[in-house]
Structure formats: structure tokens, C-alpha cells
Amino acid sequence: MNSIEATHTPDASGTTPKQTDHIPNLKLSDGNEIPFLGYGLGSANFKRGDKSHFDPSVVTATLTALKAGYTHLDGAEAYSNEKELGAAIARSGVAREKLFVTTKTSCRAGETIQRAFERSLENLGLEYVDLYLIHSPFFGEPVGDASILQAAWADMETIKASGKAKSIGVSNFLIPHLEAILATAKFPPVINQIEYHPYLQHVTPEGGDLVKFHREHGIALSAYSPLTAITKARGGPVDEVYARLARKYGVGEGEVGLRWVLDQGIVALTTSKSEERLRGWLGKLPKFKLTPREVEEISEAGRAGRPYRGYWNNWFEEGDWR
């Protein structure tokens, strides 16, 4: 373990956070910082059915996270709960400058990104967001006309220049999509939010390595569904490693799974409606750190197991683990 007194600010190079008495921030390429652990409003808080209906349970869940100490809140217009997120922020009493708020656009056909962004601000009841992301309009498909992505990114850069989004990034982008943007970007994306866990490490038999590409270009990574090996894909070789390391460090397997992400210098987004569990993550994660060999052991176990993708399977052919 590293000394608890040894502190520094990790960045997108993949430098891992030192062990401290708190969970540090990650420094983005534009100089802004993002908390390493965030509360996601997707998954369990995703609004289904009547999306226009205001759901008080989402407000309650978000207030629980804020009460537990979470300051990084990850939303999206696609979750259909930006109004609930905004209501929770307003009711929490937490000063706006102490929060890191993310939302995303889904690139609706026939609508400008600027219009989508203004609607998100209105729904959130905020004057600005800390991070605005654009979902890939291609997902698993080839880039096609690169000018489509480049024009979309130019719109994102205009939003950043306005100051209403402190940082801008992408979500679910693959290497070709990133290459298209980087070819003309004035402000490169600071982060890419992707599904990431031991059974989906985005390494292909042909040698493609999405994480390595990000390291080489100074783009940070944010992992959603980081606990998939526990919540959805039990029965694989990761189970034994998680259980053994949990016993070693006196924590739960969830803490081991989240620590595996953090110890790679990757932001972890997770969710729960249990205040006890949320507080447990914030309280236990700073108290231990996996060794580099343990991080690699989990990675090796994940690669040895059956690959698993929890989202967007309709966009990827079987065996495509980009």
C-alpha cells in the first residue's frame, strides 16, 4: 500500500490514485477535476413508462446519495429524470459549487445539440453543468461520414466556449469515432464514459485496446456498470478473486470491484438506494488499495471468463468486444 500521507492528483495518463483518507479527484486534460466516485442516475433510476411523469422516488434516491456524501451526480436526458435530479439538488441544500453535475445529449434527429443542452439546463434548473457528454450516434457501427461527428463536436465546443459547460466529453465512443473527432477538434474530449468491468475490458483479438488508446491521447475514462461481475455475471472466474481479496482487506466484494476500477485511474459510476451501502463505499474505499498484481489478477480473471456486455447489444455482433 502507498503511504496515506502521499497525495497527488491523478490524471488521464492512467496514474493511479495514492491511498489517502479520502477519495481524490482526477484531473482532466482541460485542467478541471472530476471526483473519482460518482452516483449514476441511470440503471435503477432510469425512468420507464410515462417519461413525462415526475417520479418522486428518483428525487428521494438522489437525496439519499447526497446525504451519504456523494457530490458527483451523473445524469442524462436519455434517463428522462433531469427534472428529478434538479429537484434533488435544489432540496439538498448543498452549495452548487460543491457539486459536480454531468448530463448528456442523445443527438436526436432533427434537433441541434445546442437546443438539447438548453433543455437539459432548464430541466435541471441550473445555470451550468460541470461536464456535458455527447452519446455516440454510431455506437457499434462504422463512422461513415466523419463530418457528422466533427460537426457535432464543433457544436459541443461552442457550448464549452459559452461557459455553460465547464468540460465536454463523449459517451460510448469507440476508437474510430474518437479519431474522427480528434482530427479537427480544437478542444479534445476530456473523458469517455463507457461500460467497463472485468468481463468487458474492450480488448479485441486483433489487438484493439480502447483503454490504451485513451491513455495515449490524454482522454480520461469513466466506467458505468463497474459491478457487473457481481450484479449480472456471477459464476465466472472473477468471483473467487473478488471473494479472496474481500477477505484479505476486510471489505465487501463491491468495494473490491470499485477499487479495481479506481486503481486503474478510471472514474467509477455506481448507484444504490441504500444509504448504508452508499456510505460504506465512501467510507471503505479510501482505507485500502489493491496492489498492481491484484489489479492485474482481476483483469486476467475477467479476460479468462465469458465476455459480457450489459448494454447496447443490438449494436454489436456476437464476439465484438470493442
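Residues numbered from 1 in each chain as written. Predicted model: local features only at pLDDT ≥ 70, side-chain atom pairs only at ≥ 80, totals over all residues. Heavy atoms only, no water.

## Some remarks on the overall build of the protein
Alright, step 1. When its secondary structure is counted, the protein shows eleven helices and ten strands.
Alright, step 2. Relative to the compact-globule value of 20 Å for 322 residues, the protein shows a C-alpha radius of gyration of 19 Å, a close match.
Alright, step 3. Dimensions along the principal axes, computed over C-alpha positions, put the protein at roughly 55 × 50 × 40 Å.
Alright, step 4. Every one of the 322 residues in the protein was classed for burial, and the buried ones make up 53%.
Alright, step 5. Within the protein, residue pairs in contact and separated by at least 24 positions form 72% of the contacts whose partners lie at least 6 positions apart. (Helix = DSSP H or I, 4+ residues; strand = E, 2+ residues; numbered from the N terminus. Rg over C-alpha atoms; globule rule 2.2 N^0.38 Å. Buried < 20%, exposed > 50% of the residue type's maximum accessible area, 1.4 Å probe, protein only. Contact = heavy atoms within 4.5 Å.)

## Quick look at the packing of helix H1 (residues 56–68) against helix H10 (residues 275–284)
Alright, step 1. Between H1 and H10, whose axes approach to 9 Å, the crossing angle comes to 35°. Considering how the two elements wind past one another, H1 and H10 form a crossing that is right-handed. On H10, the residues that touch Thr64, Ala65, Lys67 and Ala68 of H1 are Glu275, Leu278, Arg279 and Leu282.
Alright, step 2. Across the contact of H1 with H10, the residue classes break down as four nonpolar, one polar and three charged. (Axes fitted to C-alpha atoms, helices over the stretch in contact; angles between N-to-C directions. Left-handed = near helix turned anticlockwise from the far one by under 90°. Nonpolar A, V, L, I, M, F, W, Y, C, P; charged D, E, K, R; others polar.)

## Examining the packing of helix H8 (residues 238–249) against helix H9 (residues 253–262)
Alright, step 1. Relative orientation of the contacting elements H8 and H9 amounts to 105°, with a least axis distance of 8 Å. In terms of orientation, H8 lies roughly perpendicular with respect to H9. Of the residues in H9, those in contact with Tyr242, Ala243, Leu245 and Ala246 of H8 are Glu253, Val256 and Gly257.
Alright, step 2. Its residues assigned to classes, the contact of H8 with H9 shows five nonpolar, one polar and one charged. (Parallel < 35°, antiparallel > 145°, perpendicular 65-115°, else oblique.)

## Focus: the UniProt feature "site: Lowers pKa of active site Tyr" (unreviewed entry) in the protein
Alright, step 1. Residues given the UniProt feature "site: Lowers pKa of active site Tyr" (unreviewed entry) here are Lys104.
Alright, step 2. Following the sequence through the fold, Lys104 ends up in strand E5 (residues 100–105).
Alright, step 3. For Lys104, a relative accessible area of 0% puts it in the buried group.
Alright, step 4. If near-sequence neighbours (up to four positions away) are discounted, Lys104 is found in contact with Asp74, Gly75, Ala76, Glu77, Tyr79, Tyr132, Leu133, His135, Ser171 and Gln193. (UniProt positions renumbered as here; feature names shortened; annotations may be inferred.)

## Comments concerning the pattern of salt bridges
Alright, step 1. Considering all chains together, one arrives at 16 salt bridges under this definition.
Alright, step 2. Two residues, Arg234 and Glu253, come together in a salt bridge whose shortest N-O distance is 3.0 Å. Placement of the pair is Arg234 in the loop between helix H7 (228–231) and H8 and Glu253 in helix H9, with a sequence separation of 19 residues.
Alright, step 3. Relative accessible area serves as the criterion here: at 23%, Glu253 is assigned to the partly exposed category.
Alright, step 4. With a closest N to O distance of 3.4 Å, Glu300 and Arg293 form a salt bridge.
Alright, step 5. Looking at Glu300, the relative accessible area reads 36%, which means it is partly exposed.
Alright, step 6. Under the relative-accessibility criterion, Arg293 is labelled partly exposed at 48%. (Salt bridge = Lys/Arg side-chain N within 4 Å of Asp/Glu carboxyl O.)

## Focus on the nonpolar core
In a soluble, globular protein the nonpolar side chains are often hidden away together inside.
Alright, step 1. Ranked by size, the top nonpolar core spans 88 residues in total, and within it Tyr132 and Ile191 carry the most contacts.
Alright, step 2. The element that contributes the greatest number of residues to this core is H8, accounting for six residues.
Alright, step 3. Every residue in contact with Tyr132, bar those within four places of it in the chain, is listed here: Thr103, Lys104, Thr105, Ile113, Ala116, Phe117, Met156, Ile159, Ala165, Ser167, Ile168 and Gly169. (Core = buried A, V, L, I, M, F, W, Y, C linked by side-chain atoms within 4.5 Å.)

## Observations concerning empty space enclosed by the protein
Alright, step 1. Across all of its chains, the model carries two cavities of 30 Å³ or more by this definition.
Alright, step 2. Of the volumes computed, that of the largest cavity is approximately 110 Å³.
Alright, step 3. Asn172, His202, Arg309, Trp312 and Phe316 are, among the 13 residues lining the largest cavity, the residues nearest its centre.
Alright, step 4. By residue class, the composition of the lining of the largest cavity is nine nonpolar, two polar and two charged.
Alright, step 5. Each pocket or cavity is described by its volume, and for the second largest cavity that value is around 30 Å³.
Alright, step 6. Looking at the lining of the second largest cavity, the elements with two or more residues in it are strand E4 (72–74), strand E6 (129–135) and strand E8 (191–195).
Alright, step 7. Within the lining of the second largest cavity, the residues separate by chemical class into five nonpolar, three polar and one charged. (1 Å grid on protein atoms, 1.4 Å probe; cavity = no way out; pocket = protein on both sides within 12 Å on 5 of 7 lines; lining within 4 Å. Points joined across faces, edges and corners; volume = space filled by probe spheres on them.)

## Comments concerning the packing of aromatic side chains
Alright, step 1. Across all of its chains, the model carries five aromatic pairs by this definition.
Alright, step 2. Relative to Trp260, the ring of Tyr196 has its centre 5.2 Å away and its plane inclined at 5°; by these criteria the two rings are stacked. A residue pair is termed long-range when its members are at least 10 positions apart, and Tyr196 in the loop between E8 and helix H6 (210–217) and Trp260 in helix H9 qualify at 64 residues.
Alright, step 3. Residue classification places Trp260 among the buried residues on the basis of a relative accessible area of 0%.
Alright, step 4. Judged by centre distance (5.1 Å) and plane angle (35°), the ring pair of Tyr249 and Phe288 falls under tilted. With a gap of 39 residues between them, Tyr249 in helix H8 and Phe288 in the loop between H10 and helix H11 (292–304) connect regions that are remote in the sequence. (Phe/Tyr/Trp six-rings, centres within 6.5 Å; stacked < 30°, edge-to-face > 60°.)

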